[in-house]
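Notes for the structure review
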Amino acid sequence: MVPDDFRFVAHIDILGMSSIVERDADAAWGMLSELAAVRDHAQDFELEFLDTKERLHIREAVYAVTFSDTIVLFTKVGSDTELRCMIVLVAEILHKAMCRCVPVRAGLAFGKFYFNLDRSMYAGPALIEAYRVGESAQWIGITLADSVREKAANLQMTSGSRDVIVDWDVPIKCGIIRRSVVNWPAVFAHDLAVAPPICIQQFYQGFENTFGAYSKLPPEAQEKYVNTVEFINAQRIRHHQA
């Protein structure tokens, strides 16, 4: 039995936002506006899960709160259906944000989380865990905390012939760590027109107007895009071979 105050929480933020604000506040506001538009569009989805015959509007299952460059998503309860909705929603936000040249990363966790919408109060270990697992990942992607790993795997979500949840050696600042992640390149393969493998220049070109030439990025920033492209190519090649 899941306690009433246990729920799924996702933390999503924009990579490199502080440098954008310092360089061009108008551009930063424009990027935040794009991310908010992506959030609103994704929340309007109505989902139907064929295996469980369930149909649910995302707004009925997931709340969204935005402050600065961060979106916090959390479910009303901790059921499998809410977890399915959360995974779909976070993946859609990441994908559509990139289509608008907004690079984001996300962490997803499960645990105790309190909220009071009227007083704008939000706190709990699940939010801290989601923040830490998302912030530690050096890429554009969606990383699952240990608290949600087994629950997500047990859903056995698929997109075509590919698993939505896969294990990956996620790059972090001090090395790598094996975690479950959302396989967004396979889920949205139909929107990725360039045949794999893609190169760094192809992937980064959409972000160049905001962040400048790739060659002039700090090494740690370059590495995030290298890690992202490595994941995209690996998952898309598997998708094409399936």
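Going by the structure above, here's the rest.
Below or above, wherever it landed, is the structure these notes cover.

Reading the values: rules and limits
Residues numbered from 1 in each chain as written. Predicted model: local features only at pLDDT ≥ 70, side-chain atom pairs only at ≥ 80, totals over all residues. Heavy atoms only, no water. Helix = DSSP H or I, 4+ residues; strand = E, 2+ residues; numbered from the N terminus. Buried < 20%, exposed > 50% of the residue type's maximum accessible area, 1.4 Å probe, protein only. Phe/Tyr/Trp six-rings, centres within 6.5 Å; stacked < 30°, edge-to-face > 60°. Pairing = 2+ DSSP bridges. Contact = heavy atoms within 4.5 Å.

1. Details of unusual backbone geometry
At cysteine 101, a residue that is not glycine, the phi angle is positive and equals roughly 65 degrees. Along the chain, cysteine 101 turns up in the loop between α3 (80–99) and β6 (104–112). Positive phi outside glycine occurs at glutamine 156, with the angle close to 55 degrees. Structurally, glutamine 156 can be placed in the loop between α5 (146–155) and β10 (158–159). Overall, the relative accessible area of 66% leaves glutamine 156 in the exposed class.

2. Overview of the packing of aromatic side chains
Counting across every chain of the model gives 15 aromatic pairs. Ring geometry for tyrosine 63 and phenylalanine 115: centres 5.3 Å apart, planes at 50 degrees, overall tilted. With tyrosine 63 in strand β4 (residues 62–67) and phenylalanine 115 in strand β7 (residues 114–116), this residue pair connects regions lying 52 residues apart in the sequence. The exposure class of phenylalanine 115 is partly exposed, given its relative accessible area of 28%. On the numbers, 4.8 Å between centres and 45 degrees between planes, the contact of phenylalanine 74 with phenylalanine 115 is tilted.

3. Details of the pairing of strand β12 (residues 165–172)
Counting buried positions over the eight residues of β12 gives six, a clear majority of the element. Taken together, the eight bridges between β12 and strand β13 (residues 175–182) define a ladder with antiparallel strand orientation. Bridging across to β13, tryptophan 168 finds its partner in arginine 179. What sits between the antiparallel neighbours β12 and β13 is a turn of two residues.

4. What about the side chain of serine 180?
Position of serine 180 relative to the elements: it lies in strand β13. Of the residues examined, serine 180 reaches a relative accessible area of 2% and is grouped as buried. Excluding anything up to four places from it in sequence, serine 180 contacts Thr143, Leu144, Arg149, Ile165, Val166 and Asp167.

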